[in-house]
Amino acid sequence: MTRSVAKRLKPHTGGCLCGAIRFEAQGTAGKPHTCSCKMCQRHSGALTLAWVEFPSEAVTWTGRGGAPSVYRSSDYSSRAFCPSCGSSLGAIDDAPVVALLLGAFDKTNAVDLIPKSHSFRTARPRWWHVEAVKPAT
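As the structure is a prediction and not an experimental result, all values here were calculated from the model.

> In this structure, what is going on with the pairing of strand S3 (residues 30-35)? I would like to understand it.
Looking down a regular strand, the side chains alternate between one sheet face and the other. Both S3 and strand S4 (residues 49-55) contribute to a ladder of four bridges, which runs antiparallel. Across the sheet, the residue bridging to His33 is Trp51, located in S4. When S3 meets strand S10 (residues 117-119), the two strands line up parallel, connected through three bridges. When the bridges of S10 are listed, Cys35 appears paired with Ser119.

So this is what it looks like as structure tokens:
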């Protein structure tokens, strides 16, 4: 096995601020995007969030705190957060999909994490600009 193949097989890892909630996400991240909808803004306190998705079976909660706490935020999704430190981790959708916030990842430089689109541009203030820039190779 080549080094590049072995590197791709490593799971994405991350967790909350206090470390109680940790995750491993196997495979390639799907639907990398940013979002400025009012629900994301209220969920995080930020004007824009960066997200990726994984099938539910690809995500394992590995920290001492187990799975995150959830708040049912819509008829199809629940927002995930740490009950100890309050860190936002993402959303657990009914699809079944786990959408994880890029800020919760240990390493954010992987190519499959680079946002490719932006949702709800009109919900952001006019002065706030979001650019997904592909790094130079």
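Continuing now.
> Just to check I follow, could you spell out the pattern of salt bridges for this structure?
A side chain with one charge may pair with a side chain of the opposite charge, provided their charged atoms come close. As enumerated under the stated definition, the model contains three salt bridges in all. With a closest N to O distance of 3.9 Å, Glu53 and Lys31 form a salt bridge. Of this pair, Glu53 sits in strand S4 while Lys31 sits in strand S3, placing them 22 residues apart in sequence. Using a relative accessible area of 18% as the deciding quantity, one classes Glu53 as buried. Looking at Lys31, the relative accessible area reads 58%, which means it is exposed.

> Mind showing me how you'd approach the packing of aromatic side chains here?
Note on aromatic pairs: each is described by the distance of the centres and the angle between the planes. Under the counting rule described, the total for this entry stands at three aromatic pairs. On the basis of an interplanar angle of 80° and a centroid distance of 6.0 Å, the ring pair of Trp127 and Trp128 is categorised as edge-to-face. Owing to a relative accessible area of 31%, Trp128 belongs among the partly exposed residues under this scheme. Grouped by ring-pair contacts, the aromatic residues Phe23, Trp61 and Phe105 constitute a single cluster.

> What am I meant to see in the nonpolar core here?
Soluble, globular proteins show a tendency: their nonpolar side chains are buried together. Counting residues in hydrophobic clusters, the biggest one holds 19 residues, and the most contacted among them are Val52, Phe54, Leu100 and Phe105. Looking at this core, the elements that each hand over two or more residues are strand S2 (22-25), S4 and strand S9 (97-101). In this structure, Phe105 is in contact with His12, Thr13, Gly14, Phe23, Val52, Phe54, Leu100 and Leu113, ignoring residues within four places of it in sequence. If you look at the next biggest cluster of nonpolar residues, it comprises eight residues, including Cys35, Cys40, Leu49 and Trp51.

How each quantity is defined
- Each chain has its residues counted from 1, following the order in which its sequence is written.
- Given that this is a predicted model, residues contribute local features only at a pLDDT of at least 70 and side-chain atom pairs are listed and counted only at 80 or more, while totals for whole chains, interfaces and linings are drawn from all residues.
- The side-chain values count all of the structure's non-hydrogen atoms but skip hydrogen atoms and water molecules.
- Strands are treated as partners if at least two bridges between them are detected by DSSP.
- A run of DSSP states H or I qualifies as a helix once it reaches four residues; a run of E qualifies as a strand once it reaches two. Both are numbered from the N-terminal end.
- Put simply, a salt bridge is a Lys or Arg side-chain nitrogen that is within 4 Å of an Asp or Glu carboxyl oxygen.
- Here's how the labels work: a residue is buried when its accessible area is under 20% of the maximum for its type, exposed when over 50%, partly exposed in between, all with a 1.4 Å probe on protein chains only.
- Stacked, edge-to-face and tilted labels apply to pairs of Phe, Tyr and Trp rings (six-membered ring for Trp) whose centres lie within 6.5 Å, assigned for plane angles under 30 degrees, over 60, and everything in between, in that order.
- The nonpolar core is taken to be a set of buried Ala, Val, Leu, Ile, Met, Phe, Trp, Tyr and Cys residues, with the residues joined through side-chain atoms within 4.5 Å.
- The contact definition used throughout considers only heavy atoms, calling two residues in contact when any of these lie within 4.5 Å.

The quantities given are spatial measurements derived from coordinates; they are silent on function.
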